[in-house]
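A look at the structure
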Amino acid sequence: TEETDGFKRFMRSAKKYDLNVKVLGLGKQWRGGDVANYAGGGQKVNILRDGLEEFKDLDDLIVMFVDSYDLVFSGDKSEILEKFAKFDAHVVFSAEGSCWPDESLREKYPPVKATEKRFLNSGGFIGYAKDIYEIVSYKSIQDNDDDQLYYTKIYLDESLRQKWSIKLDTKSEIFQNLNGALGETTLKFKGSKSYMYNFKTGSSPVIIHGNGPIKSEFNRLTNYLVDSWTVNSGCQACEEDTISLEGVREDDYPTVFLGVFVESPTAFLREFFEDLAALDYPKSKIDLFLHNSESHHRKVVNKFLSEYKGSYKSQTYITPFEDVDESMARNRAIDECIKKNCQYFFSVDSSAHLSNPRTLIDLIQQNRSIISPMMTRDGRLWSNFWGALNKDGFYARSEDYIDIAERRKIGVWVVPFISTVYLIHGYRLPALRNSNTSPNMDADMAFAQYIRNKGIFMYITNRQMFGHLVNSDNYDIEHVTDELFQIFDNPTDWEKRYIHEDYHKQLLPDTEAAQPCPDVYWFPITTPEFCQNFIDEMENFGQWSNGKNADPRIAGGYENVPTVDIHMKQVGYERHWLWFLKKYVSPLQEKVFLGYIHDPPHAIMNFIVRYKPDEQPLLRPHHDSSTYTINLALNTPGVDFEGGGCRFVRYNCSVTSSRKGWLLMHPGRLTHYHEGLRTTKGTRYIMISFIDP
Ligand SMILES: O=C(O)CCC(=O)C(=O)O
Ligand SMILES: [Fe+2]
């Protein structure tokens, strides 16, 4: 009765196999009951009777009747007719393994072999128009009676069975009902063709029916069936039914209602907004709606809002101080979008970094009901879609989940759950009011379930790299800059924010490292922001040592060459720093001190040193207890302080014009006797590691 996504999928398959379909019931009021959960569907018999009226006297016309929402064709007319002929029957009904809706009729069915299906399913049958017309006219049936029971009773009446020469397709030659049979079927590919194979009966059925409570699994299979995707040809359905914004004037771009949701503490939120603002789409066509429920994030949010004030078509901000929870905010966004008559609703959560600026345009052009750009967490399989559901409606891993998440299979996939970022056609929204609310369920779970129940398809596309998801599982908001501590969970974001843009160049074979003094190497490694965040973190902690020899923080309690410093252990950064040494410092070392490979590098002494004229201004000549030492400048001579620098006595060579974010690397013992020169004004900060003591 409705033009659902399932119906469109069905029609696509009919077109693919060049079958002429007469659609019955479209636009009618459905009075057949809730057939997903209860018996019903009698209306289908009535509709079919009316539809067959004009053919009732044709005894050489073969017709096939099939459901559509949960069914696709997988073969053409000649294949269907050939198979039908082999039955030597006038009417063939599809069969399944369970006896529904009246279990008590079980034993009335003729027995079948163990590999076959014994019971009638009314979702598909084929036969001569005259016989079928007589069957559907045999008795009257109420719209909300059960159609399957109607046909079952006819079939189980031996005289009627013979009269109309009715057989069941017990070996799934033509019809494959999948409920209870998923385990005996598999997808097969042959060049650019896909089909289903039943290895229990050895058949390749041409009508595939996702009957019963296996809709998600059926949807998954139809990502491949009807030649939608094959191993050899990849995604053949991807370019179908798309639209193009190519050549469209910006003024004529569709209107997008952008709902942004900051619902929990989120790492790298600043970068999230940078990506959002950089989307390749005219802001004059975007209504911005932002809900922030974290007062912790209000500064970053406000900065984004004020920076783009007046740029978006409109700006709505629901602050953390308003009494609006996540579900309410999400529902409200949908309502606002409807009110504005938006053409698209684009929902983006703060963990979705849309680093591909084409994302929004790509999604619009893909032209699906609800579509989400696939994203995963940095180097993880965690993504914003599920490939399958378990019995309770929670996450289950589908057979193809990893291939899709890792983009080994590329395409546009119908899936049972999407979250975090998605685009919805505006005309779909009225059906989705209050879709984010369900008792005892998170908003995203409620939303996906609601859509599934509506029979609307959710697609995930991995045709492009769209960006990634930030992982905020271990995001503590107790530091001055919490991102500093995110080197493990969000390595890509961390690197982008904190590793010097010229760092990677240093590793190229043709790049020669700067050498300001003999065997003292000089590398850009961290950004100025890292240096500033690091200093701020330490100053906030504030427990600088007194620069005396007695030092309870170290084994033995005595420091020969003491500095005013803070150890990484004291600020909970030891693990992070050691990883930094392994990941970023070791490769540099291996380049300049050839043949010395210690993986992972070892370091017990990792500390930030503070020099001030009236505190500790200098450090007398000494050796370090290290194989090599790194000395990272955290601020700038001539700007933040006067004097300072490091002098290597043996070579009478000093590095005084140190560069913020650049480190010095030098041997620790024997050759590189060195001293810290006097800081005469301001404060000098350096970060030191004694590596491989
Ligand atoms: O001040 C400098 O640059 C040298 C620091 C140093 O040698 C040390 O902390 O061991
Ligand atoms: Fe030193």
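Residues numbered from 1 in each chain as written. Chains lettered and ligands numbered in written order. Predicted model: local features only at pLDDT ≥ 70, side-chain atom pairs only at ≥ 80, totals over all residues.

According to UniProt, the positions carrying the feature "domain: Fe2OG dioxygenase" (unreviewed entry) are residues 600–693. This span, residues 600–693, is 0% helix and 52% strand, and a straight line between its end C-alpha atoms measures 13 Å. (UniProt positions renumbered as here; feature names shortened; annotations may be inferred. Helix = DSSP H or I, 4+ residues; strand = E, 2+ residues; numbered from the N terminus.)

Another point: the site of ligand 1. Around ligand 1 sit Thr 563, Val 609, Leu 619, Asp 624, Asn 631, Cys 646, His 674, Gly 676, Ile 686 and Ile 688, and that is every residue in its neighbourhood. Among the secondary structure elements, those contributing two or more residues to the shell around ligand 1 are strand E37 (674–676) and strand E39 (684–691). In the shell around ligand 1, the residues fall into five nonpolar, four polar and one charged. (Near = placed C-beta within 6 Å. Nonpolar A, V, L, I, M, F, W, Y, C, P; charged D, E, K, R; others polar.)

In this section: the sheet that holds strand E15 (residues 344–349). One open sheet accounts for eight strands, arranged E14-E13-E12-E15-E24-E17-E25-E22; its pairing is mixed. Of all strands in the sheet, those with a lone pairing partner are strand E14 (314–318) and strand E22 (412–415), marking the two edges. Across the sheet, the axes of successive neighbouring strands diverge by a mean angle of 20°, strand direction being ignored. One ladder, built from four bridges, connects strand E17 (residues 370–373) with strand E25 (residues 458–461); its direction is parallel. When the sheet's bridge partners are listed, Ser 372 is paired in E25 with Ile 460. (Pairing = 2+ DSSP bridges. Axes fitted to C-alpha atoms, helices over the stretch in contact; angles between N-to-C directions.)

As a further point, take the domain arrangement of the protein chain. Domains assigned within the protein chain are domain 1 (5–230), domain 2 (255–469) and domain 3 (482–691). Centre-to-centre, using C-alpha coordinates, domain 2 lies 42 Å away from domain 3. Listed as interface residues are five residues of domain 2 and, on the opposing side, eight residues of domain 3. When the residues that make up the side of domain 2 that touches domain 3 are grouped by side-chain class, the tally is two nonpolar, one polar and two charged. (Domains from an automatic or database assignment. Contact = placed C-beta atoms within 7 Å.)

Quick look at the pairing of strand E24 (residues 421–425) now. With four of its five residues buried, E24 lies for the most part within the structure. Bridging between E15 and E24 involves five bridges; their strand directions are antiparallel. Paired with Ser 347 across the bridge in E24 is Tyr 422. Pairing between E17 and E24: two bridges, direction antiparallel. In the strand pairing of E24, Ile 370 is matched with Ile 424. (Buried ≥ 20, exposed ≤ 12 C-beta atoms within 10 Å, placed from the backbone.)

In this section: the sheet that holds strand E29 (residues 565–567). Through backbone hydrogen bonds, the strands of a sheet pair up, either in parallel or in antiparallel fashion. Spatial ordering of the open sheet is given by E27-E28-E36-E32-E39-E30-E29, a layout of seven strands whose pairing is antiparallel. Taken across any chain shown, the strands that pair with only one partner, and hence form the sheet edges, are strand E27 (514–517) and E29. Looking at each pair of strands side by side, their axes are set apart by 25° on average, direction ignored. Sheet topology note: the strand E28 (residues 520–524)/strand E36 (residues 662–667) ladder contains four bridges and is antiparallel. Of the residues in E36, the one forming a bridge with Tyr 521 is Met 665. In this fold helix H16 (residues 574–592) packs onto E28, strand E30 (603–611), strand E32 (628–633), E36 and E39, with an angle of close to 95° to the strand it touches most, E30.

Moving on: the environment of Trp 229. Summarising the element assignment, Trp 229 is placed in strand E10 (residues 229–230). For Trp 229, a count of 24 C-beta atoms within 10 Å puts it in the buried group. Taking the C-alpha atoms as reference points, Trp 229 and Trp 413, 184 residues apart in sequence, are found 9.7 Å from one another. With residues near it in sequence (within four places) discarded, Trp 229 still touches Asn 223, Tyr 224, Gly 234, Cys 235, Gln 236, Ala 237 and Gly 411.

Here we take up helix H1 (residues 5–16). Spanning 12 residues, H1 covers 16 Å between terminal C-alpha atoms, matching the ideal 16 Å at 1.5 Å per step. Those residues of H1 lying buried are Asp 5, Gly 6, Arg 9, Phe 10 and Ser 13. Down the axis of H1, the smallest arc covering the buried residues is 145°, so these residues share one side. Those residues of H1 that are buried are in contact with strand E2 (71–73) and helix H7 (215–222). (Expected span 1.5 Å × (residues − 1). Arc of directions from axis to C-beta.)

So, about the confidence of the model for the protein chain. Averaged over the protein chain, the pLDDT score is 96; the fraction of residues at 70 or greater is 100%. For this predicted complex, the interface confidence comes out at an ipTM of 0.99, alongside a pTM of 0.94. (pLDDT = per-residue confidence, 0-100.)

Taking burial as the measure, the eight residues of H7 include seven buried ones, the bulk of the element. Those residues of H7 not exposed but buried are Lys 215, Ser 216, Phe 218, Asn 219, Arg 220, Leu 221 and Thr 222. Next to the buried residues of H7 lie H1, E2, strand E7 (185–190), strand E20 (388–389) and E22.

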